[in-house]
Amino acid sequence: MKNSSNRRSVIKNIITGSVAVASAPLIPTLASCATVSTTMKGNINHSVCRWCFDGLSLDELCVEAKKMGITGIDLVGPKDWPILKKHGLMSTMCNGAEISLVKGWNDPQYHDTLIKNYTQHINLVADAGYKNLICFSGNRNGMDDATGLKNCAEGLKKIMPLAEKRGVVLVMELFNSKVDHKDYMCDNTNWGVDLCKAVGSESFKLLYDIYHMQINEGDVIRTLTKQAPYIAHYHTAGVPGRHEIDETQELYYPAIMKAIVATGYKGYVAQEFIPIAKDKLGSLKKSIEICDI
């Protein structure tokens, strides 16, 4: 359960252009997906988070992802978009504008930097033909939730006109603060929805991370059904441990995927689990099969 520091370090290094995550070698398993059918049922648009398969080059991940019917890669910044385009894949959740997970929109001291960064990246995302750009609330650091929400809304409203004009959606991720991201402010769906209402724009929505919200609040299907209008993206992982989404964990993903489809959702579901099986690409393939309802 020490994966939060792993992800924080990965995202930090992605921003600086030098990703460094320790991971078991994946190259020996490349052949395992060579004959995968790309026939999908068409109800779920599949993607995968780049950082979870860092043992592969992005080129290699793109090749293997396409064999599985995956059509997008999450958490890829501008410098790597040409690789995605070469393989005909979407950047389904762009990044690179954020300062960090812990320094976000809830603290006005970061607003000038964030407004500058996001203004630049909104244009980059739009020019590349993409849509979603990730953002974070930041940690509480003693701040009450009402003040943090007010601060987030005030800062985000300053870039909403540009986002709306360019057709870009800023997507704030919901994290659990019990296990992985201690003190993170946007740690429950109700707070996130209240922020969406305060911002008041279709260009600001939530990334509902199923793993994180199962830990922090549970009641996944009821919540995502009720709050569907405010959700722009989904992440998966097994609970507990953030590993494979198979029978080894407590969530039943086929039912969750059916509930997502029932809301009329047309966006992407991205696999964000850390594989522990020897055949890591085999785990990814199985996760796509589980979610392709």
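A. Layout of the overall build of the chain. Regarding its fold elements, the chain presents eleven helices and eight strands. The buried share of the chain, reckoned over its 293 residues, is 58%. Excluding contacts between residues fewer than 6 apart, the proportion of contacts in the chain whose partners are at least 24 apart in sequence is 76%. Accessible surface for the chain amounts to roughly 11,800 Å². Of this, 53% is attributable to carbon and sulfur atoms.

B. How the structure looks around the packing of aromatic side chains. Scanning all chains against the criterion turns up seven aromatic pairs. Plain terms: the ring middles of W81 and Y130 are 5.2 Å apart, the flat faces sit at 80 degrees to each other, and that makes the pair edge-to-face. Pair noted here: W81 is in helix 3 (residues 81–86) and Y130 is in the loop between helix 4 (111–128) and strand 4 (132–135), with a separation of 49 residues, a long-range link. You can call Y130 buried: its relative accessible area is 5%.

C. Up close: unusual backbone geometry. Across the junction of V239 and P240, the peptide omega takes the value 0 degrees, indicating a cis bond. Considering the arrangement of structural elements, one finds P240 in the loop between strand 7 (231–236) and helix 10 (253–262). Although it is not a glycine, L75 adopts a positive phi angle of roughly 60 degrees. Topologically, L75 is positioned in strand 2 (residues 72–76).

D. Spotlight on the environment of C152. Checked against the element boundaries, C152 lands in helix 5 (residues 145–157). The class of C152 is buried, set by a relative accessible area of 0%. Placed 46 residues apart in sequence, C152 and N106 show a C-alpha to C-alpha distance of 4.6 Å. Beyond its immediate stretch of four places on either side in the chain, C152 contacts W105, N106, S137, M172, W191 and L195.

E. Region of interest: the pattern of salt bridges. One pass over the structure, following the stated rule, counts 13 salt bridges. A salt bridge links R166 to D127; the shortest N-O distance between them is 2.7 Å. Of this pair, R166 sits in helix 6 (residues 160–166) while D127 sits in helix 4, placing them 39 residues apart in sequence. Put simply, R242 and E272 hold a salt bridge, and the shortest N to O gap is 3.2 Å. Highlighted residues: R242 in the loop between strand 7 and helix 10 and E272 in the loop between strand 8 (268–271) and helix 11 (280–291), separated in sequence by 30 residues. Salt bridges linked by common partners bring R140, D145 and D187 together as one network.

F. Quick look at the nonpolar core. If you look at the biggest cluster of nonpolar residues, it comprises 92 residues, and the most contacted ones within it are L170 and M172. For this core, the leading source of residues is helix 4, giving seven residues. If we skip the residues at most four places from it in the chain, L170 touches Y118, I122, L133, C135, L156, I159, M160, A163, S203, F204 and K205.

G. Layout of the pairing of strand 2. Counting buried residues along strand 2, five of its five residues qualify, which places the element largely inside the surrounding structure. Alignment of strand 1 (residues 45–49) against strand 2, held across three bridges, turns out to be parallel. If you follow S47 over to strand 2, its bridge partner there is G72. Between strand 1 and its parallel partner strand 2, the chain crosses via helix 2 (residues 58–67), and the hand of that crossover is right-handed. Here four bridges tie strand 2 to strand 3 (residues 90–94), and the two strands are oriented parallel to one another. Bridge pairing in strand 3 links I73 to S91. What joins strand 2 to strand 3 is helix 3, and the crossover it makes is right-handed.

H. Inspection of the side chain of T236 at higher detail. Here T236 lies in strand 7. Residue classification places T236 among the buried residues on the basis of a relative accessible area of 0%. Apart from residues lying up to four places away in sequence, T236 is in contact with I210, I245, Y253, V269, A270, Q271, E272 and F273.

Thresholds, definitions, all that
Throughout, a residue's number is its position along its own chain's written sequence, starting from 1. At least 70 in pLDDT is required for a residue's local features to be given in this predicted model, at least 80 for side-chain atom pairs to be given and counted, and no such filter applies to totals for whole chains, interfaces and linings, which use all residues. Derived side-chain values reflect all non-hydrogen atoms in the structure, with water molecules and hydrogen atoms excluded from consideration. What counts as a helix is a DSSP run of H or I of at least four residues, what counts as a strand is a run of E of at least two, and both are numbered from the N terminus. Burial here depends on accessible area, computed with a 1.4 Å probe over protein chains only, as a share of the maximum for the residue type. Under 20% is buried, over 50% is exposed, and the range in between is partly exposed. Residue contacts are counted whenever heavy atoms from the two residues lie within 4.5 Å of one another. Using a 1.4 Å probe, the Shrake-Rupley method yields the accessible areas, and only the shown protein chains count as cover for residues. Geometry of aromatic contacts follows a simple scheme: Phe, Tyr and Trp rings, the Trp one being its six-membered ring, pair when their centres are within 6.5 Å, and the pair is stacked under 30 degrees between planes, edge-to-face over 60, tilted otherwise. For this analysis, a salt bridge means a side-chain nitrogen from Lys or Arg found within 4 Å of a carboxyl oxygen belonging to Asp or Glu. In plain words, nonpolar cores are sets of buried Ala, Val, Leu, Ile, Met, Phe, Trp, Tyr and Cys residues tied together by side-chain atoms within 4.5 Å. When DSSP finds two or more bridges between two strands, those strands count as paired. Handedness rule for crossovers: strands pointing away from the viewer, path from the first strand over the helix to the second running clockwise, crossover right-handed.

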